[in-house]
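A closer look at the structure
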Amino acid sequence: MAAVAIWLTPSLEKKQVFAMEPVVVSRPGLEPADFVLTPLVVEASNTELIDTLAIGGVIRSSLYNALNESGVGVLPPSARHQLAWSLADIFEYKVDMSRDLSEGDKFHVLVERLQKPNGAIIVNKIIGARLALSNGHNPLEAIHFDTHGSSSAQYYDASGMSLRSAFLRAPVTFRRISSIFGARKHPIFGEWRNHTGTDYAAAMGTPVRAIGDGVVVFAGQKGGYGNMIDIRHRNGMVSRYGHMRNFAPGMHTGARVAMGSTIGFVGMTGWANGPHLHFEIRINGVARDPKLALQSRSGDPIPADERSLFQRMRNQTLASLSDARASNIAE
């Protein structure tokens, strides 16, 4: 369990408390006093309390389970659940949380916790995060930074490059996969066949999103793929989505789609014995392993005139994450 790093805790304003005379409640024919109410009127505060805490842990089965365990005592269950998916969204251009995470991977996240006047506790925002994968690669880091002129804050790596890239790593937000690229035993035909993509097991009707900007070059039924969409992207790569129940409105050959937009819904059309999405990447007509084909590249850098401010924020954020990591090791 990571140490709690408190950055800012506003003090509560002093409020007046008024004591009132006891109220005697009685009914005709009974004793003069059945019971006595002693009311206390308190002037409530409408101040929201904000502080910052660090949460860290080791992944044993899933990111959600790890965060759910590590956040006990500091966040309610609903906030821990949301934190897991928010963290996945931050790294979705770098990591497919259903495939790239494995047992023993470690995470540390610095969150701004907000307590509302009614007592509800939520995660206001993620200030920074570090994800250390056990595959030997350098840890992935994310720093929250709001650049001037931007409509919303973004997350940048330690070098000041945006984590956003040209492609998402997963075509569905529900990230549970039933099979991976390569040879597998076909669930219907029974024999081993080469599987030219990745299957995402998800509930019927789960929205399917385009992994990048592009143009629809095919939308219709195609053999074992069932309802299928092919999208050609600017670099010539084609992303393919199969077994869909139906397409989103406006999906036809020639339609332009934006990264993250809904193009259809998970189904089990074609050669499928359960609801799932078949996803593959094709380059020059040849199927490629999506994990390798979608290796993300860095996005846009921090503007030059804001780099010094970013570096100060980065140093403070990374120091807090390192303190939390050191505390974990000590424990």
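All residue numbers refer to position in the chain's written sequence, counted from 1. Given that this is a predicted model, residues contribute local features only at a pLDDT of at least 70 and side-chain atom pairs are listed and counted only at 80 or more, while totals for whole chains, interfaces and linings are drawn from all residues. Computation of side-chain values: all heavy atoms of the structure, hydrogens and water removed.

1. Digging into the overall build of the protein
Put simply, DSSP H or I for four residues or longer makes a helix, DSSP E for two residues or longer makes a strand, and each gets a number counted from the N terminus. The helix and strand inventory of the protein stands at four helices and 22 strands. Relative accessibility decides the category of a residue: with a 1.4 Å probe and only protein chains considered, values under 20% of the type maximum give buried, values over 50% give exposed, and everything between is partly exposed. Per-residue burial over the protein gives 42% buried out of 331 residues. The contacts in the protein between residues at least 6 apart in sequence include a share of 63% that link residues at least 24 apart. For the accessible areas, the method is Shrake-Rupley and the probe is 1.4 Å, while residue cover comes only from the protein chains on display. Accessible surface, the protein as shown: approximately 17,500 Å² in total, 53% of it carbon and sulfur. Pairs of residues are marked as contacts when any of their non-hydrogen atoms sit within 4.5 Å.

2. Quick notes on the pairing of strand β7 (residues 121-132)
Note on pairing: two strands pair once DSSP finds at least 2 bridges between them. Across 10 bridges, strand β6 (residues 106-115) lies against β7 in antiparallel orientation. Bridge pairing links Lys 106 to Ala 132 in β7. Counting the residues that bridge the hairpin from β6 to β7 gives five residues, and of these Gly 119 lies at a positive phi of roughly 95°. Bridging between β7 and strand β8 (residues 140-145) involves four bridges; their strand directions are antiparallel. Bridging across to β8, Arg 130 finds its partner in Glu 141.

3. Description of the pattern of salt bridges
The term salt bridge refers to a pairing of a side-chain nitrogen on Lys or Arg with a carboxyl oxygen on Asp or Glu at a separation within 4 Å. All chains considered together, the criterion is met by seven salt bridges. Of the charged contacts in the structure, one is a salt bridge between Arg 209 and Glu 92, with a shortest N-O distance of 2.9 Å. Here Glu 92 lies in the loop between α2 (77-90) and β6 and Arg 209 lies in strand β14 (residues 207-209), a separation of 117 residues in the sequence.

4. A closer look at the packing of aromatic side chains
For Phe, Tyr and Trp, where Trp contributes only its six-membered ring, two rings pair if their centres lie within 6.5 Å, and the inter-plane angle classes them as stacked under 30 degrees, edge-to-face over 60, or tilted in between. Throughout the structure, instances matching the rule amount to five aromatic pairs. Note on Phe 145 and Tyr 156: the rings are 6.4 Å apart at their centroids and 80° apart in plane angle, and the pair reads as edge-to-face. Here Phe 145, found in strand β8, pairs with Tyr 156, found in strand β9 (residues 154-156); they are 11 residues apart in sequence, far enough to count as distant. No difference in accessibility class separates Phe 145 from Tyr 156, as the two residues are buried. Considering the side-chain rings of Tyr 200 and Phe 279, the 6.4 Å spacing of their centres and the 75° angle between planes classify their relative orientation as edge-to-face. One end of the pair, Tyr 200, is in strand β13 (residues 198-201); the other, Phe 279, is in strand β21 (residues 276-283), and 79 residues separate them in sequence. Classification of Phe 279 by relative accessible area gives buried; the value is 0%.

5. Digging into the environment of Glu 112
Relative to the helices and strands, Glu 112 is located in strand β6. In this structure, the C-alpha to C-alpha distance between Glu 112 and Asp 51, residues 61 residues apart in sequence, is 5.8 Å. Once you skip the residues sitting within four places of it in the chain, Glu 112 turns out to touch Ile 50, Asp 51, Ile 122, Val 123, Asn 124, Lys 125 and Ile 127. The term polar contact refers here to a pair of N or O atoms within 3.5 Å; inside protein, the definition further demands a hydrogen-donor-capable atom paired with an acceptor-capable atom, and it admits residues adjacent in sequence only when both atoms are side-chain atoms. Of the polar contacts made by the side chain of Glu 112, one reaches the side chain of Asn 124; its length is 2.5 Å.

6. Some details on the sheet that holds strand β18 (residues 246-247)
Spatially, β14-β20-β18 is the arrangement adopted by the three strands of the open sheet, whose pairing is antiparallel. For this open sheet the edge positions go to β14 and β18, each flanked by a neighbour on one side alone. Bridge analysis of β14 against strand β20 (residues 262-265) gives three bridges, and the strand direction is antiparallel. For Val 208, the partnering residue across the bridge sits in β20 and is Gly 264.

7. Quick notes on the nonpolar core
Take the buried Ala, Val, Leu, Ile, Met, Phe, Trp, Tyr and Cys residues and link them wherever side-chain atoms come within 4.5 Å; each set so joined is a nonpolar core. Of all hydrophobic cores here, the largest spans 28 residues; its most connected members are Leu 67, Phe 91, Val 109 and Ile 126. If sequence neighbours within four positions are ignored, Ile 126 has contacts with Leu 83, Ser 86, Leu 87, Ile 90, Val 109, Leu 110, Val 111, His 144 and Tyr 155. One finds Ala 202, Ile 211, Ala 248 and Met 251 within the second-largest nonpolar core, a separate group that totals 27 residues.

Keep in mind these numbers describe shape, not what the thing actually does.
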